[in-house]
Amino acid sequence: MSLSWEDTITVTFLSGGTGTPKLLQGVRLVLNDKDIAVIVNTAEDLWYQGGHISPDIDTVIYLFAGILNTRTWWGIEGDTFVTHEQFRSMGVDTYLAVGDKDRAVELLRGELLKGGMTLSQATRDLSSRLSVHATVIPMTDQEYTTMIETKDGIIHFQEYWVRYRGSVEIRKVLRVPERRPDAATGALEAMEKSDLIIIGPSNPITSISPILECSGIIDLLKQKPVVAVSPFIGDKPVSGPARDLMVSRGFEPTSAGVYAAYADFVDLFIQDIRDPVDVPGAIKCDTLMTSPDISKGIMDLILDRMPV
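The text that follows walks through the structure, step by step, so that each part is easy to find. Bear in mind that the values here come from a model prediction, so they are computed numbers and not experimental data.

Before going further, it helps to spend a moment on the packing of helix α1 (residues 19–27) against helix α12 (residues 292–305). Closest axis-to-axis distance for the α1/α12 pair is 7 Å, and the angle between their directions is 85°. Considered as vectors, α1 and α12 are oriented roughly perpendicular to each other. Between α1 and α12, the residues in contact are Lys-22, Leu-23, Gln-25, Gly-26 and Val-27 and Pro-292, Ser-295, Lys-296, Ile-298 and Met-299, respectively. Taken together, the residues of the contact of α1 with α12 sort by class into five nonpolar, three polar and two charged.

This paragraph deals with α12. End to end, α12 covers 20 Å across 14 residues, agreeing with the expected 20 Å (1.5 Å per residue, within 8%). Here α12 has its buried residues at Ile-294, Ser-295, Ile-298, Met-299, Leu-301, Ile-302 and Leu-303. Buried residues along α12 sit in contact with β1 (11–15), α1, β9 (196–199), β10 (226–229), β13 (268–272) and β14 (283–285).

The next thing to look at is unusual backbone geometry. In this structure, the amide linkage connecting Val-176 to the following residue, Pro-177, adopts the cis form with an omega of 0°. Within the chain, Gln-49 stands out as a residue other than glycine whose phi angle is a positive 50°. Turning to its location among the elements, Gln-49 is positioned in the loop between β3 (46–48) and β4 (51–53). Looking at Gln-49, the relative accessible area reads 23%, which means it is partly exposed.

Of all six residues in strand β6 (residues 145–150), five are buried, a share of seventy percent or more. Taken together, the five bridges between β6 and strand β8 (residues 172–176) define a ladder with antiparallel strand orientation. Across the sheet, Thr-145 pairs through a bridge with Val-176, a residue of β8. In this structure, the hairpin formed by β6 and strand β7 (residues 153–156) is closed by a connection of two residues.

A few words now on the sheet that holds strand β5 (residues 135–138). Taking strand neighbours across the sheet as the criterion, the seven strands line up as β5-β2-β1-β9-β10-β13-β14 in an open arrangement whose pairing is parallel. Because the sheet does not close on itself, it has two edges, and the strands there are β5 and β14. Going across the sheet, the axis of each strand differs from the next one's by a mean of 25°, ignoring polarity. Relative to β9, β1 is paired through four bridges, and the arrangement is parallel. Looking at the pairing, Thr-12 lines up with Ile-197 of β9.

Thresholds, definitions, all that
Residues numbered from 1 in each chain as written. Predicted model: local features only at pLDDT ≥ 70, side-chain atom pairs only at ≥ 80, totals over all residues. Heavy atoms only, no water. Axes fitted to C-alpha atoms, helices over the stretch in contact; angles between N-to-C directions. Helix = DSSP H or I, 4+ residues; strand = E, 2+ residues; numbered from the N terminus. Parallel < 35°, antiparallel > 145°, perpendicular 65-115°, else oblique. Contact = heavy atoms within 4.5 Å. Nonpolar A, V, L, I, M, F, W, Y, C, P; charged D, E, K, R; others polar. Expected span 1.5 Å × (residues − 1). Buried < 20%, exposed > 50% of the residue type's maximum accessible area, 1.4 Å probe, protein only. Pairing = 2+ DSSP bridges.

The structure is reproduced here in structure tokens:
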């Protein structure tokens, strides 16, 4: 049975970067926040200037809290950068520009973690403080970080993308530690309870693959209806460094390559109407989410096509 938006269903999203949050902006016009769970990539987290940055978690929390800067798709709308500028004036290396309100969240998260909370517990605490009604869950409570091997050494993904703007050659994408982490208990529980799981148009290598590498995630994906939205049009991603990262992991940097990465568990694959790449069985729609209405259209299409 195909569901329409009038039916009550629970949907879990796999999210990272900005692609899936842009989709979530429209999804909120279709589903109640309480019926949405988001499992978020944490492989780009880092301690920075005394705070703990969870960039992908914060983007999702700020979206549901109604305070996200949707021009940049990171940080808090109307934030100031007084502390950042003061650090710069004192000669501190500040390659990440963190707003003052954003920094308060990172400092509080750091204190919660130092006080013994897991990342899942800290995320629930911050969500509650910011009146978020969706369920936002880190992929794991263990450290698991994406690093980039370059000719000059190994650097954190944030350095690769923010400090160097993705301009350095990638020799290899690494996860540290090499041991795959356990998925957060809440992540597995959300998937088990969901009627549908959606992999948003996030970077397959640095945003989605770390989630898939957590124990138990792929097994549950194989048991549920799964939709994936491609972040590529032709051989170019809509945004971000996905092309070079896909090549570094041996995937064709197109929607066909994205489908190949997800083929073992995806039931419905969506690509953009402008995408010239043929993916057998895929459906096409407008995925350039320049407005919430376009994002809503994708969700309407998913609910129309998916028997859940």
